[in-house]
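Here's the letter readout for the chains.
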Amino acid sequence: MCSYRRHRLLVPVLLCALAILAARPTAVHREPVSGTGGGPGLSAEVARLYEEAALATQRYEAGREDAEEQRARAQRAEELLDGQRRHIAALHEDLGRIARAQYRSSGGLPVAAQMILADGPDDLMRGQHAFSKTNLAVDNAISKSRRAEARLAADEAKAAAHWQALEKRNAQLASLKADIERKLETARSQLQGQADASVAAGACRGAVRLDQPEAGFSTDWVAPVETYELSASYGSGGARWSSRHTGQDFAVPIGTPVRAVGAGRVVKVSCGGPFGIEIVLRHAGGYYTQYAHLASVAVDQGEHVSPGQWIGQSGSTGNSTGPHLHFETRVTPEMGSSVNPVSWLAARGVSL
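Along each chain, numbering runs from 1 in the same order as the chain's sequence is written. pLDDT decides what is reported in this predicted model: residues at 70 or higher carry local features, side-chain atom pairs at 80 or more are listed and counted, and totals for whole chains, interfaces and linings draw on all residues regardless. Only hydrogens and water are removed before side-chain values are computed, so all heavy atoms of the structure are retained for them.

Naming follows an unreviewed UniProt entry, where the protein chain appears as Murein DD-endopeptidase MepM/ murein hydrolase activator NlpD of Streptomyces caelestis.

Next up, the structure:
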């Protein structure tokens, strides 16, 4: 028979998991900067929305994983409920068996009638004992059956309510994620429009200071963006370039925070030309890194930067076929002196 103590643990477990999921804070929304001009506030808005979108995605994925775990728990719960149903069916079968045995032992007469027709005290006592024993067995079987059916109905109702609450929470997370992404897409489009105007005019708008991430870096070198897909690699050829590709491209959306790969000084901030908006840093040892096709810059020329510091936002300015970061390592601040950025970073402990 199925153990009810083990099954009673199901509901508290589901409640606990649901409470943890529901306790997760919801991202706080602030309306985007009004107007298409936006000014410096638009860059900050994109950076903020980018972080909120990443957090919402993280929460949505966590919720989806919780839903998968809950689905597995629900399947196990259904197996336990099936065990209860089989147990109840067995109890019903016991009732039928007891009734049939009673009928056969009495020769078809009710037990009370047999007592009345008893020939003597011994027969009467045997009849009373048989009656009490049979009545007790029937009462116990009926009581067990009713308790089992009540537990089954209560557990099914609780499991259904918890599952519905979990599905509702996941729907809210999905809606939150979609809403932030819509706002971010609008702000990204506006930011790229500003950047294109700056490149066309050949004049940068100046540094837009961004709120830096709280977490510091324990290493001296980092990747130029946190989350990315590698696209065009160093030395590759094609119709897009007059010669071999001089850097490593990181496919990232417009507005993605771009990080200084290491400590250094800003030696160049420019707008216009094939690289669009670009930044060049000088590092110890005489090496330089370039960050091109940006949508905005967050540093000024001559400024010192630290590893992982946000120095700008990715875009698609200049000769670019789509949003990405063009990253180069050089031995001079000018183009034509590049070295393989992937192996250069690898030598400094950064694996792309």
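Asks: Before we move on, can you summarise the overall build of the protein chain with the specific residues and values?
Replies: To qualify as a helix, a DSSP run of H or I must reach at least 4 residues; to qualify as a strand, a run of E must reach at least 2; elements of each kind are numbered from the N terminus. Each helix and strand in the protein chain was counted, giving six helices and 10 strands. Exposed residues in this analysis have more than 50% of their type's maximum accessible area, buried residues have under 20%, and partly exposed residues fall in between, with area computed by a 1.4 Å probe over protein chains only. Residue burial in the protein chain is summarised as follows: out of 352 residues, 39% are buried. Considering only contacts within the protein chain whose residues lie at least 6 apart along the sequence, 71% involve residues at least 24 apart. Carbon and sulfur atoms make up 55% of the accessible area of the protein chain, which amounts to about 18,600 Å² in all. Contacts: residue pairs with any heavy atoms within 4.5 Å of one another. The Shrake-Rupley method, run with a 1.4 Å probe sphere, supplies the accessible areas, and residue values consider only the shown protein chains as cover.

Asks: Any details on the environment of A284? Residues and values, ideally.
Replies: Residue position: A284 is located in the loop between β5 (277-282) and β6 (288-297). Along the chain, A284 and G264 lie 20 residues apart, while their C-alpha atoms are 7.0 Å from each other.

Asks: Residue-level account of the UniProt feature "coiled-coil region" (unreviewed entry) in the protein chain, with values.
Replies: UniProt positions are given in the numbering used here, feature names are shortened, and annotations may be inferred rather than shown by experiment. UniProt records the feature "coiled-coil region" (unreviewed entry) for residues 57-94 and 166-197 in the present numbering. Strand forms 0% of residues 166-197 and helix 100%; the C-alpha atoms that close the span are 47 Å apart.

Asks: Give me the lowdown on the packing of aromatic side chains, citing residues and values where you can.
Replies: For Phe, Tyr and Trp, rings pair up if their centres lie within 6.5 Å, where Trp contributes its six-membered ring, and each pair is then called stacked (planes under 30 degrees apart), edge-to-face (over 60) or tilted (otherwise). Counted by the stated rule, this structure contains five aromatic pairs. Taking 6.3 Å as the distance between ring centres and 75° as the angle between the ring planes, the aromatic pair formed by F250 and F327 counts as edge-to-face. Taken together, the residues F250 in strand β2 (residues 248-251) and F327 in strand β9 (residues 325-330) connect sequence positions 77 residues apart. With respect to class, F250 is no different from F327; both count as buried. Among the aromatic residues, those joined into a cluster by ring pairs are Y228, F250, Y291 and F327. Lysine NZ or arginine CZ positioned within 6 Å of the ring centre and within 35 degrees of the ring normal marks a charge as sitting over the ring. Cation over ring: R348 sits above W221, and NZ or CZ is 5.6 Å from the ring centre.

Asks: Quick one: what's the story with the pattern of salt bridges, residue by residue and with numbers?
Replies: Here, a salt bridge means any Lys or Arg side-chain nitrogen found within 4 Å of an Asp or Glu carboxyl oxygen. Per the counting criterion, the structure on display carries nine salt bridges. A salt bridge links K183 to D179, with the shortest nitrogen-to-oxygen separation between them at 3.7 Å. Of this pair, K183 and D179 both sit in helix α5 (residues 121-201), four residues apart, which is roughly one turn of the helix. Since its relative accessible area comes to 15%, K183 is described here as buried. Residue D300 is joined to R209 by a salt bridge in which the shortest nitrogen-to-oxygen separation is 2.9 Å. Of the two residues, D300 sits in the loop between β6 and β7 (304-305) while R209 sits in the loop between α5 and β1 (229-230), which places them 91 residues apart along the sequence.

Asks: Break down the nonpolar core for me, with residues and values.
Replies: Definition used in this section: a nonpolar core is a set of buried Ala, Val, Leu, Ile, Met, Phe, Trp, Tyr and Cys residues joined via side-chain atoms within 4.5 Å. Within the largest apolar cluster, 39 residues are counted, with the highest numbers of intra-cluster contacts made by I279, L281, Y291 and I311. Contributions of two or more residues to this core are made by α3 (40-105), α5, β5, β6, β9 and α6 (341-346). Broken down by element, the residue count for this core peaks at seven residues, all from α5. Two domains share this core, each providing at least three of its residues, namely domain 1 (11-26 + 38-199) and domain 2 (210-347). The next biggest cluster of nonpolar side chains, apart from the first, holds five residues, and it includes A47, V208, L210 and A298. Residue ranges labeled as domains rest on an automatic or database domain assignment.

Asks: Could you give an account of the environment of N340, with specific residues and numbers?
Replies: Counting through the fold element by element, N340 comes out in the loop between β10 (338-339) and α6. Sequence separation between N340 and S233 is 107 residues; the distance between their C-alpha atoms is 9.0 Å. In protein, a polar contact requires one atom able to donate a hydrogen and another able to accept it; more generally it is a pair of N or O atoms within 3.5 Å, and residues adjacent in sequence count only if both atoms are side-chain atoms. Side-chain polar atoms of N340 contact the backbone nitrogen of V342, separated by 3.0 Å.

Asks: Tell me what's going on with the side chain of S316, and back it up with residues and numbers.
Replies: Within the fold, S316 resides in the loop between β8 (310-314) and β9. With relative accessibility at 17%, the residue S316 sits in the buried group. Within polar-contact distance, the side chain of S316 engages the side chain of S320 at 2.9 Å. Those residues in contact with S316, other than ones at most four positions away along the chain, are Q192, D196, H293, G322 and P323.

Asks: Any chance you could break down the environment of S351 for me, citing the residues and the numbers?
Replies: Looking at where S351 falls in the secondary structure, it is placed in the segment after α6. Note: C-alpha distance between S351 and V222 (129 residues apart in sequence) is 9.0 Å.

Asks: Can you lay out the state of the cysteines for me, pointing to particular residues and giving the numbers?
Replies: By convention in this document, the label disulfide applies to cysteine sulfur atom pairs within 2.5 Å. Applying the stated rule across the entire model yields one disulfide. A sulfur-sulfur separation of 1.9 Å characterises the disulfide bridge that pairs C204 with C271. Between C204 and C271, the disulfide has an S-S torsion of 120° and is therefore right-handed. Residue C204 is found in the loop between α5 and β1, and its partner C271 is found in the loop between β4 (264-270) and β5; the two are separated by 67 residues along the sequence. Look at C204 and you get partly exposed, because its relative accessible area is 31%.

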